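Notes for the structure review
Chain residues, written in single-letter form:
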Amino acid sequence: MEFDTFAMERLQSTWENRVAWNVSESGVHPLRIEELADTDEDRAALLAQHLAYTQTNGTPELRALIAAMYPGATAEHIEVTNGGSEANLLVLLHLVEPGDHVLIMAPNYMQVHGLVNALGAAVEPWALIEDADGPRARWRPDLDALDSIVRPDTRAILICNPNNPTGARMTAAELDAVCRAAARVGAWVISDEIYRGAELDGQETETVWGRYDRVMVTSGLSKAYGLPGLRIGWVVGPPGVVETLWGIHDYTSIAPGAASDLMARMALTPGRRERLIARTRGIVRTNYPLVQHWISSRAPLLHHIAPEAGAIVFVRYRHPINSTRLIERLRDQQSVLVVPGDHFDMDGYLRIGFGSDPVHLSGSLERIGEMLSEIERDRAIG
């Protein structure tokens, strides 16, 4: 099995701690342990936690808390993983065989593309459409195109909702349409919902869970909860499939960390979960106007469709430079890290994260603007 280089993750892991201005992240500024374990009882429980192997598919208490977020689910529907990335891995290891036909929403978090390709399946992108006109501009799924490319040998349709990198979210009717397309050929619908809960308007994104019997959802605590360092993710699926995923998990990381499982239970306790989600929504609502104003001030050379969820904005630029080359110049000359559109197979775009401190965000945007102005001056002279 051969894996393509996961370009975005390699970029971030190499440079995110070496630049002064990092706006490559897609989550909000993470919490500290003392902010999560904020009572004497919680702190005592954390210090008393044995660093042993826990229940390898997640403690029953944690699985029950996760299940409560998905109507009709029980602890038997949940497999706890080390991050959302392992959740995606387990699902695809179980489902995908060489020669399968797999449809992947595009653009998308490219982990799933790399995994499906390495597993020997035929990958076909299913593009979001940039409806850029009018006050209701949005990235929307092309449902007619989906109907035309679903085949009898289609094994799975992979979606990301809310979407990375656009911040778009699908409506209930659109999710139902995806499920109908899958049902025609018996395909699975796999929905990465890790940004669910990070909505700018405070209205929770619709989940695909419960709309079709061949559905699995992957998610975790890294984006909407501001807890990426816990490395807690999960799969929601039919109990029989989840039992199989547990068996695959035995071959990967075996179990979540004991302290992480405990802190995940703290995070998802009723009341505290709502506070964490409110914190994230407060950050994105505060910071997005800074990005929106910055983009508008540089129109028409910059353009975007407003994200609906997540601390990310996908910006189209008209400057005469490849996106990878642009972010390399930003990194080397301005010490700013941004994700290039190339990493989503969409040159001419930049993904900018706006979940950091507003001062850090404003400083980063100022430096990106300086670089773009320099490129424009070079073009005018040349």
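Read on for an overview of the structure. Keep in mind that this is a model prediction, so the values were computed, not measured.

The strand order 10-11-14-13 describes an open sheet built from 4 strands, whose pairing is antiparallel. Each end of this open sheet is capped by a strand with a single partner; those strands are strand 10 (302-304) and strand 13 (339-340). Bridge count for strand 11 (residues 312-317) against strand 14 (residues 349-353) is 5 bridges, and the pairing is antiparallel. Along strand 14, the bridge assignment pairs Phe 314 with Arg 351. Helix 11 (residues 272-297) rests against strand 10, strand 11 and strand 14 of the sheet, and its axis sits at about 135° to strand 10.

For helix 6 (residues 111-118), a buried count of 6 out of 8 residues is recorded, marking the element as mostly surrounded by other parts of the structure. Looking at the packing, one finds that the buried side of helix 6 touches helix 5 (83-95), strand 3 (101-106), strand 4 (122-131) and strand 6 (154-160). Positioned one or two residues after helix 6, Gly 120 has a phi angle of 90°, which is positive.

The next thing to look at is the packing of helix 11 against helix 13 (residues 358-381). Contact pair helix 11 / helix 13: the axes reach a minimum separation of 10 Å and the direction vectors enclose 15°. On the basis of their axis angle, the class for helix 11 and helix 13 is roughly parallel. Crossing handedness for the pair helix 11 and helix 13: right-handed. Seen from helix 11, the contacting residues are Asn 287, Leu 290, Val 291 and Trp 294; seen from helix 13, they are Pro 358, Leu 361, Ser 362, Leu 365, Ile 368, Gly 369 and Leu 372. Classifying every residue of the contact of helix 11 with helix 13 gives 8 nonpolar, 3 polar and no charged.

According to the stated counting rule, one finds 6 aromatic pairs in the structure shown. Centroid distance Phe 6 to Tyr 109: 5.4 Å. Interplanar angle 55°. Geometry classified as tilted. Residue Phe 6 is located in the segment before helix 1 (7-15), and its partner Tyr 109 is located in the loop between strand 3 and helix 6; the two are separated by 103 residues in the primary sequence. Taking the relative accessible area as the measure of exposure, Tyr 109 reaches 16% and is therefore buried. Between Phe 314 and Phe 344, the ring centres sit 5.8 Å apart and the planes meet at 85°, which makes this aromatic pair edge-to-face. A residue pair is termed long-range when its members are at least 10 positions apart, and Phe 314 in strand 11 and Phe 344 in the loop between strand 13 and strand 14 qualify at 30 residues. Both residues of the pair, Phe 314 and Phe 344, count as buried. Cluster of aromatic residues (ring-pair linked, three or more members): Trp 139, Phe 314, Phe 344 and Tyr 349. The aromatic ring of Trp 15 is capped on one face by Arg 18, whose charged end is 4.3 Å from the ring centroid.

Conventions and cut-offs
Residues numbered from 1 in each chain as written. Predicted model: local features only at pLDDT ≥ 70, side-chain atom pairs only at ≥ 80, totals over all residues. Heavy atoms only, no water. Pairing = 2+ DSSP bridges. Helix = DSSP H or I, 4+ residues; strand = E, 2+ residues; numbered from the N terminus. Contact = heavy atoms within 4.5 Å. Axes fitted to C-alpha atoms, helices over the stretch in contact; angles between N-to-C directions. Buried < 20%, exposed > 50% of the residue type's maximum accessible area, 1.4 Å probe, protein only. Parallel < 35°, antiparallel > 145°, perpendicular 65-115°, else oblique. Left-handed = near helix turned anticlockwise from the far one by under 90°. Nonpolar A, V, L, I, M, F, W, Y, C, P; charged D, E, K, R; others polar. Phe/Tyr/Trp six-rings, centres within 6.5 Å; stacked < 30°, edge-to-face > 60°. Lys NZ or Arg CZ within 6 Å of the ring centre and 35° of its normal.

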